[in-house]
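Topology and contacts: notes
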Amino acid sequence: MQVAIDYLSESVFWPVTLLVVPPWSFVWSAVLGVVVWVVNRVRYPWCRDPSKMLGKTVIITGANKGIGLETARELVTRGATVVIACRSMVRGNVAKDDILKGLKGNVSGGAVELAYLDVSCMASVRKFATAFQGRKIDVLINNAAVADLPQQLTDEGLELTVATNHLGPFLLTHLLMPGLIKAGGRVINVASTGHHWIKKASELDLEGDMKFEFPRPLRTLEIYVVTKLMNVIFTMELHRKLRGTGVTTNCLHPGVVNTDIFDPMVSHVWYGIFIRLYVWAYAKTKSEGAQTSILVAASEDLKDVSGKYFEDCKESKPSPLSQDEGLAKKLWEISERLVQLQPHERTI
């Protein structure tokens, strides 16, 4: 897919095609798009597992919108107390009210809490975790992510996409681990099938502290897919380190989902309209994209399953590079250093 995107972005044939292709062909294209949309509504799987979550506490980062919100909505319906951890308290309150409105008449429904968290800022992660000291946590879903932002550093000197998608969840998982151990909980990392695009360890830029300050231009979604590989690698190493604790960890690909994660990419490339049309026809809805997260978080059948990668509500195969234990150890050590993990924070 990456090769195709790069090719289309550089191709001289698009302008010519727009001139010589008859207008009726675009009508047929629109019809085909509608057909694809309808077929995908039938094809995409739904979580049929009926497991309840009464009395369980679930923390979901970025749950004020997108698949995080839809995951929160379903888990609250199943009886969980869900903590929406997000940056925008305005959107967070709207999401909370929306979820609670849908609970009317559901006597077995759970509750919703709202807490500020900027997962790209390690100071914010630490402040957030402090509020949960001593509290039992049944599920942590590291869901928040950004894609295709311009390469830039945070005030803490970390690359922004890496901080949001990997380092923040890495630190948060450490800080919440006592509560997860108390509950025999689950850690779920929302990754992406894009992690398969990365074939070489050098692409993680571990020697450059994952800042991606290359002399060449960065490719479309380059840092994003690298961080998604980091999510899978982190999950596998976390699984090895958590053996015997009662805590499980898994990761998943939600599918290509029609959320605002595509907005930066659509807005700054000339072929953005074609990406938008592709997403409309092919991508999952937010509710469809949440189904695998719901399954892995709630299913009693998966309570002892750990170190796995899921896609479309079933176990799938991660990339060979994600299984490299030597690479995992190196990523872990560098991540500890970059988040400045303190002795008392080494809970894993």
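Keep in mind it's a predicted model, so treat the numbers as computed, not measured.

**Points about the overall build of the protein**
On a plain count of helices and strands, the protein comes out with 12 helices and eight strands. Within the protein, buried positions represent 52% of all 348 residues. Within the protein, counting contacts between residues at least 6 apart in sequence, those at least 24 apart form 80% of the total. Looking at the protein as shown, the accessible area adds up to about 16,100 Å², and 60% of this sits on carbon and sulfur atoms.

**As for unusual backbone geometry**
In the Ramachandran plot, Asp209 falls in the positive-phi region, its phi being about 55° despite a non-glycine side chain. On the secondary structure map, Asp209 appears in the loop between β5 (186-190) and α8 (222-241). At Gln340, a position not held by glycine, the phi torsion is positive, near 55°. Along the polypeptide, Gln340 turns up in the segment after α12 (325-338).

**Quick look at the pairing of strand β7 (residues 308-311)**
Pairing of strand β6 (residues 248-253) with β7 involves four bridges; the strand directions are parallel. By the bridge assignment, Cys251 is partnered in β7 with Tyr309. Across three bridges, β7 lies against strand β8 (residues 314-316) in antiparallel orientation. Within β8, the residue paired with Glu311 across the bridge is Lys314. Count of turn residues in the β7/β8 antiparallel hairpin: two residues, of which Asp312 carries a positive phi of about 50°.

**Observations regarding the pattern of salt bridges**
It is possible for side chains bearing opposite charge to pair when their charged atoms get close. All chains considered together, the criterion is met by 18 salt bridges. The partner of Glu70 in a salt bridge is Arg73, with the nearest N and O atoms 3.2 Å apart. Linking Glu70 with Arg73, this pair stays in helix α4 (residues 66-77), spanning three residues, or about one helical turn. The class of Glu70 is buried, set by a relative accessible area of 16%. Exposure remark for Arg73: the relative accessible area of 25% places this residue in the partly exposed category. Between Glu237 and Lys241 there is a salt bridge whose closest N-O contact spans 3.8 Å. Here Glu237 pairs with Lys241, and both are found in helix α8, just four residues apart, close to one helical turn. Exposure remark for Glu237: the relative accessible area of 3% places this residue in the buried category. Judged by relative accessible area, which is 35%, Lys241 ranks as partly exposed. Sharing partners across several salt bridges, the network here consists of Glu203, Arg216, Arg219 and Glu222.

**Digging into the side chain of Ser335**
Residue placement: Ser335 occurs in helix α12. Excluding residues within four positions of it along the chain, Ser335 makes contact with His166, Leu167, Phe170 and Met210.

**Observations concerning the environment of Val232**
Here Val232 is to be found in helix α8. Overall, the relative accessible area of 0% leaves Val232 in the buried class. Each C-alpha atom of the pair Val232 and Gln323 lies 8.6 Å from the other, and the pair is 91 residues apart in sequence. Discounting residues that sit within four places of it in the chain, Val232 has contacts with Ala191, His195, Cys251, Tyr309, Pro318 and Ser322.

How each quantity is defined
Residues numbered from 1 in each chain as written. Predicted model: local features only at pLDDT ≥ 70, side-chain atom pairs only at ≥ 80, totals over all residues. Heavy atoms only, no water. Helix = DSSP H or I, 4+ residues; strand = E, 2+ residues; numbered from the N terminus. Buried < 20%, exposed > 50% of the residue type's maximum accessible area, 1.4 Å probe, protein only. Contact = heavy atoms within 4.5 Å. Areas by Shrake-Rupley, 256 points an atom, 1.4 Å probe, with all protein chains shown as cover. Pairing = 2+ DSSP bridges. Salt bridge = Lys/Arg side-chain N within 4 Å of Asp/Glu carboxyl O.

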